[in-house]
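Fold and geometry: a report
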Amino acid sequence: MHAKAADMSAFRAGRSAFVVLIFAAAAAAFAPPTHRVPSSTHYRVTAAPPSLLFMNKKKKRRSGSSTSKGFGSGGSSSASAVPSSGATLVKPKTSAKFNYAGTIRPGLQTPKRVVPSEKIAFPDYALDGQPKNRPALFPWVIETKKPEEIEKMRASGRCAREVLDLAGRAVAPGITTDEIDRIVHEATVSRGAYPSPLNYHYFPKSCCTSVNEVICHGIPDDRPLEEGDIVNIDITCYLNGYHGDCSEMFVVGGEDALDNEGRRLLQTTYDCWVKALNFVKPGNDYKDIGAIIEDHVTEKGFTTVKSFCGHGIGSVFHTNPNILHYRNSEPAGKMAPGHTFTIEPMICEGGASYLMWPDDWTATTKDGGRSAQFEHTLLITPDGVEALTAKIETSPVQFWERESKVHKGVWSGTSKEAKEREAALNAQLLGSSS
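Every value quoted in this text rests on a predicted model; they were computed, and no experiment measured them.

On to the confidence of the model for the protein. With 79% of its residues at a pLDDT of 70 or more, the protein shows a mean pLDDT of 84. pLDDT under 50 marks residues 4-69. Its contacts with residues more than four places away, or in other chains, come to 199 contacts.

Following this line, the structure appears as structure tokens:
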């Protein structure tokens, strides 16, 4: 899932402990400025119940939540997967007085999709929306994965990559982000996995789709994608007790549909991300990742979002370390073999301040400028790092990978094994795309 939001404070005089305040701002959906339901379909529109959506703060349980077999029920957000005659559509929480920043508006949402509990292991928040595990108090306390845990994370990472590639191939003018969510949900469940975003602090969908000015946590809805849109699709799969998390940008209508400034934004975001990925190895400080990203993007005239961050990941969706994507001096610990985490910079063509929609999930830029993001789940090895969500033989090669002056081709890691796999993969993928 897209980065969790973090607001960290350093040691202060007179305080006996380091205080880490982590909150997650969250996201919702998009639609044209005005929305009409076609008269030929018969939908019932209901308002979504209000909720507070801070990832690491206790929230009241919603009434009507269910513990019945399978997941997908609960209040007004229950039942079927695809809109059909008589299906209920959910209207997200909105306000007539709210000043949206850009052109994207909230659309209508289909109900939460069903996951069969008799076949698939659920994360601890699946039924009640409440994650039970919290990060260690001190941000430098980071879990080291055991070999058997790493193998499970390889499997969940591979699952997430396959699902992300499927979702990306569906991106085209006219498709709705809700249809992409259906593809993601069915592909995840068919692989024996649970779509991690679903009901995480009550997030209503199985993936995040963030279009144009949406920075992160966009809720899939009934807005058709338009030629020239840029969209980040963020996939996390929970398989055999472990999460794999990745995201990628896609251009609606293909790269030729993108204007020059949009092209530059995506290239800069990818290049700063790869520079940060290349920095990862045992003994380096996590805090230094941010300066690499910020220095690169500011030189190109872009900005980096400071309100959301990367995170540790494993059996818990979001945990230590917190990965800040800007220059900082926070004591986030040192990298060591067995650490697993994400790097996921959000880069903006204008200002990096965010605007939270009334739904308490969707974060957009305040000025309406576009934002871009990439993400891998990473494993630190004794000799470097590898992407557990790396591209595979059937993955698409995007223009920013072909044209990058930082790293030509797909990036799989810096460890000896990862580089060998990467070389073979690029020989295949770049050859087939030329």
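Let us keep going from here.
The element strand 11 (residues 308-312) is largely enclosed, with a buried count of five among its five residues. Examined bridge by bridge, strand 11 and strand 12 (residues 319-323) share three bridges and lie antiparallel to one another. Looking across to strand 12, one finds that H311 is bridged to N322. Hairpin connection of strand 11 to strand 12: six residues between the antiparallel strands.

This part covers the packing of aromatic side chains. The final tally for this structure, using the stated rule, is 14 aromatic pairs. Consider the rings of F374 and W400, whose centres lie 5.4 Å apart with planes at 65°: the pair is edge-to-face. A residue pair is termed long-range when its members are at least 10 positions apart, and F374 in the loop between strand 17 (371-373) and strand 18 (376-381) and W400 in helix 5 (residues 399-402) qualify at 26 residues. Accessibility classification places F374 together with W400 in one group, the buried group.

This part covers the packing of helix 3 (residues 260-279) against helix 4 (residues 289-299). Here helix 3 crosses helix 4 at 150°, and the two axes come no closer than 9 Å. Viewed along their axes, helix 3 and helix 4 adopt a mutual orientation that is roughly antiparallel. In the packing of helix 3 onto helix 4, the handedness of the crossing is right-handed. Judged by residue contacts, T268, D271, C272, K275, A276 and F279 of helix 3 engage I289, I292, I293, H296 and V297 from helix 4. For the contact of helix 3 with helix 4, the class distribution of residues is seven nonpolar, two polar and two charged.

Scoring rules and cut-offs
- Residues numbered from 1 in each chain as written.
- Predicted model: local features only at pLDDT ≥ 70, side-chain atom pairs only at ≥ 80, totals over all residues.
- Heavy atoms only, no water.
- pLDDT = per-residue confidence, 0-100.
- Contact = heavy atoms within 4.5 Å.
- Buried < 20%, exposed > 50% of the residue type's maximum accessible area, 1.4 Å probe, protein only.
- Helix = DSSP H or I, 4+ residues; strand = E, 2+ residues; numbered from the N terminus.
- Pairing = 2+ DSSP bridges.
- Phe/Tyr/Trp six-rings, centres within 6.5 Å; stacked < 30°, edge-to-face > 60°.
- Axes fitted to C-alpha atoms, helices over the stretch in contact; angles between N-to-C directions.
- Parallel < 35°, antiparallel > 145°, perpendicular 65-115°, else oblique.
- Left-handed = near helix turned anticlockwise from the far one by under 90°.
- Nonpolar A, V, L, I, M, F, W, Y, C, P; charged D, E, K, R; others polar.

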